[in-house]
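# Geometric and topological summary
The chain contents come next:
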Amino acid sequence: MFLTSLFRKATHLKRCYSDCAKPGAHKVAVIGAAGGIGQPLSLLLKLNPSIVELRLHDLKDVPGVVADLSHIETATKVVAGGSDLGATLKDVDMIVLAAGLPRKPGMKREDLFKTNAQIVYDVTKSMTKAAPDAYLIIITNPLNSMIPLACEVLKEANKLNARKVFGCSTLDSVRAATFVGEAICKDPKTVDVPIIGGHSGNTIIPLISRSNPPACLEGDDLQKMIKKIQEAGTEVVKAKAGKGSCTLAMAYAASRLIFSILRAADGEKEIVESAYVKSDVMPEVKYLASPLLLGKCGIEKNFGLGKVDECEKKMFCEAMEILKKDIEMGEKFAKAKICESQKNSKK
Ligand SMILES: NC(=O)C1=CN([C@@H]2O[C@H](COP(=O)(O)OP(=O)(O)OC[C@H]3O[C@@H](n4cnc5c(N)ncnc54)[C@H](O)[C@@H]3O)[C@@H](O)[C@H]2O)C=CC1
Ligand SMILES: O=C([O-])CC(=O)C(=O)O
């Protein structure tokens, strides 16, 4: 009896432990590595000593990016993933998905769904076989639909560990800290503004009422600040005039989230980042961006909405209606694809 219980406990511990990345020796795959975000992001990852191997995958230009990055005098080994996605993902600890079409002026993020959904589906499907225990960090837009899509694919394969699936909405936190810091004359590095909701227009809800240090913005100034954060991506798309969307600040933001996840995986405590994840904090929406406590095996605690003022509550109620539709669009696509693939395998 005692031995059986000891064995059960040992098996459970082994399972929990093998779910986590090995401390300080992470293998990371970047998909879309030759793109506008992929290149600067791979550069930043190459500078992180806790990443021992960086596997780069794209439909084009990978050998050049690998050759270039491999001249940097850090121990991180940079390798070309080759055309076989499954081989690229094999046994990595983390998959960073930055592949897909960016916006052009006049487009909404939702307009990217048709093209980018197939990419997210293919990568996630490959992950279920090649690296089912890996962290999955999705950058590809529209983020509000891509995380539900990926989670459906992982769920169908019985490989969903929602604690390890992150929609990278960190750029909203980065922008909020920068813009609020400028407005209150504080170093943006010392400013924290929690973000809830999603990652598109009105679904991005910066909780200025909880800014730390406090931001005494009211009336028109407050409304302008909220709009500035929500529309920041569109401003970059306009400024780049057809040459893509935000890439450099995005690469920085993704590296911030990735490094936080890896530091937490290696045992560092009290690391909090906002991200768009599978969530049960509000029954109305199955996926939500909110502040998260990170731990050894991914999300340790979801802080949910926390205290919000009347204006923020109203914004959240409006955002929920948009989010519900975005989530449904991602799930519907995944279910149709799963059904199609099951029919094909029976033929
Ligand atoms: N989450 C966020 O806050 C942000 C998300 N984004 C999104 O990130 C995505 C990438 O943006 P950029 O790097 O600027 O675009 P980009 O066009 O410069 O790069 C995308 C790369 O993906 C590659 N690619 C396309 N299909 C692929 C496939 N099936 N397998 C492997 N690689 C593939 C392309 O060859 C290209 O190199 C876009 O969807 C964009 O909207 C952009 C900024 C912020
Ligand atoms: O606006 C875009 O298309 C890219 C993006 O998500 C952002 O910059 O926040």
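Note that the structure is a prediction, hence the values are computed from the model and not measured. (Residues numbered from 1 in each chain as written. Chains lettered and ligands numbered in written order. Predicted model: local features only at pLDDT ≥ 70, side-chain atom pairs only at ≥ 80, totals over all residues.)

## Some details on the confidence of the model for the chain
- This prediction gives the chain a mean pLDDT of 93; 93% of its residues lie at or above 70.
- Here residues 1-22 is modelled with pLDDT under 50, and outside its nearest four sequence neighbours on either side it reaches nine contacts, counting other chains as well.
- Note on the complex model: pTM 0.94, ipTM 0.99. (pLDDT = per-residue confidence, 0-100. Contact = placed C-beta atoms within 7 Å.)

## Regarding helix 8 (residues 219-230)
- The end-to-end C-alpha distance of helix 8 is 17 Å, a good match for the 16 Å that twelve residues give at a rise of 1.5 Å each.
- Those residues of helix 8 not exposed but buried are Met-225, Ile-226, Ile-229 and Gln-230. Looking down the long axis of helix 8, one finds its buried residues gathered within 130° of arc, a one-sided arrangement. Seen from the buried face of helix 8, the exposed residues on the opposite side, beyond 90 degrees, are Asp-220, Gln-223 and Lys-227.
- In this structure, the buried residues of helix 8 make contact with helix 7 (170-183), strand 8 (204-206) and helix 9 (232-240). (Helix = DSSP H or I, 4+ residues; strand = E, 2+ residues; numbered from the N terminus. Expected span 1.5 Å × (residues − 1). Buried ≥ 20, exposed ≤ 12 C-beta atoms within 10 Å, placed from the backbone. Arc of directions from axis to C-beta.)

## Focus on the UniProt feature "binding site: substrate" (unreviewed entry) in the chain
- Per the UniProt annotation, the sites labelled "binding site: substrate" (unreviewed entry) are Arg-103, Arg-109, Asn-141 and Arg-175.
- Topologically, Arg-109 is positioned in the loop between strand 4 (94-97) and helix 5 (113-130).
- The class for Arg-109 is buried, based on 25 C-beta atoms found within 10 Å.
- Beyond its immediate sequence surroundings of up to four residues, Arg-109 is in contact with Arg-103, Asn-141, Pro-142 and Ser-200.
- Owing to 25 C-beta atoms within 10 Å, Asn-141 belongs among the buried residues under this scheme.
- Beyond its immediate sequence surroundings of up to four residues, Asn-141 is in contact with Gly-100, Arg-109, Leu-112 and Asn-116. (UniProt positions renumbered as here; feature names shortened; annotations may be inferred.)

## Notes on the site of ligand 1
- Close contacts around ligand 1 come from 32 residues, with Gly-32, Gly-35, Gly-36, Ala-99 and Asn-141 the closest.
- Partitioning the shell around ligand 1 into residue classes produces 16 nonpolar, 13 polar and three charged.
- Residue assignment places the shell around ligand 1 across two domains, with domain 1 (23-168) and domain 2 (170-327) each supplying three or more. (Near = placed C-beta within 6 Å. Nonpolar A, V, L, I, M, F, W, Y, C, P; charged D, E, K, R; others polar. Domains from an automatic or database assignment.)

## Here we look at the site of ligand 2
- As a matter of local geometry, ligand 2 sits amid Pro-102, Arg-103, Arg-109, Asn-141, Leu-171, Gly-233, Thr-234, Val-236, Val-237, Ser-245 and Cys-246.
- Counting residues per element, the shell around ligand 2 draws most heavily on helix 9, at four residues.
- Here the shell around ligand 2 spans two domains, since at least three of its residues come from each of domain 1 (23-168) and domain 2 (170-327).

## Some remarks on the environment of Lys-347
- If you trace the backbone, Lys-347 turns up in the segment after helix 11 (310-346).
- A C-alpha to C-alpha distance of 25 Å links Lys-347 and Ala-117, two positions 230 residues apart in sequence.

## Overview of unusual backbone geometry
- At the junction of Asn-141 and Pro-142, the peptide bond is cis and its omega measures out at -5° in the coordinates.
- Note that Pro-142 resides in the loop between strand 5 (135-138) and helix 6 (143-156).
- Put simply, Asn-212 and Pro-213 share a cis peptide bond, and its omega is 0°.
- Among the secondary structure elements, Pro-213 is positioned in the loop between strand 8 and helix 8.
- Even without being glycine, Asp-61 reaches a positive phi, approximately 60°.

## Remarks on the packing of helix 5 against helix 6
- Look at helix 5 against helix 6: their axes get within 9 Å of each other, and the N-to-C directions meet at 35°. Helix-helix and strand crossings are classified by hand; for helix 5 and helix 6 the assignment is right-handed. Contact with helix 5, carried on its side by Phe-113, Asn-116, Ala-117, Val-120, Tyr-121, Thr-124, Lys-125 and Thr-128, involves Ser-145, Met-146, Leu-149, Ala-150, Val-153 and Leu-154 of helix 6 and no other residues of that element.
- Tallied by class, the residues present in the contact of helix 5 with helix 6 amount to nine nonpolar, four polar and one charged. (Axes fitted to C-alpha atoms, helices over the stretch in contact; angles between N-to-C directions. Left-handed = near helix turned anticlockwise from the far one by under 90°.)

## A few points about the domain arrangement of the chain
- For the chain, the assigned domains read domain 1 (23-168) and domain 2 (170-327).
- When each unit is reduced to the centre of its C-alpha atoms, the spacing between domain 1 and domain 2 is 21 Å.
- Taken residue by residue, the interface counts 34 residues in domain 1 and 37 residues in domain 2.
- Among the elements of the structure, helix 2 (38-46), strand 5, helix 6 and strand 6 (165-167) are those that each provide at least two residues to the side of domain 1 that touches domain 2.
- For the side of domain 1 that touches domain 2, the leading source of residues is helix 6, giving six residues.
- Classifying every residue of the side of domain 1 that touches domain 2 by side-chain character gives 21 nonpolar, eight polar and five charged.

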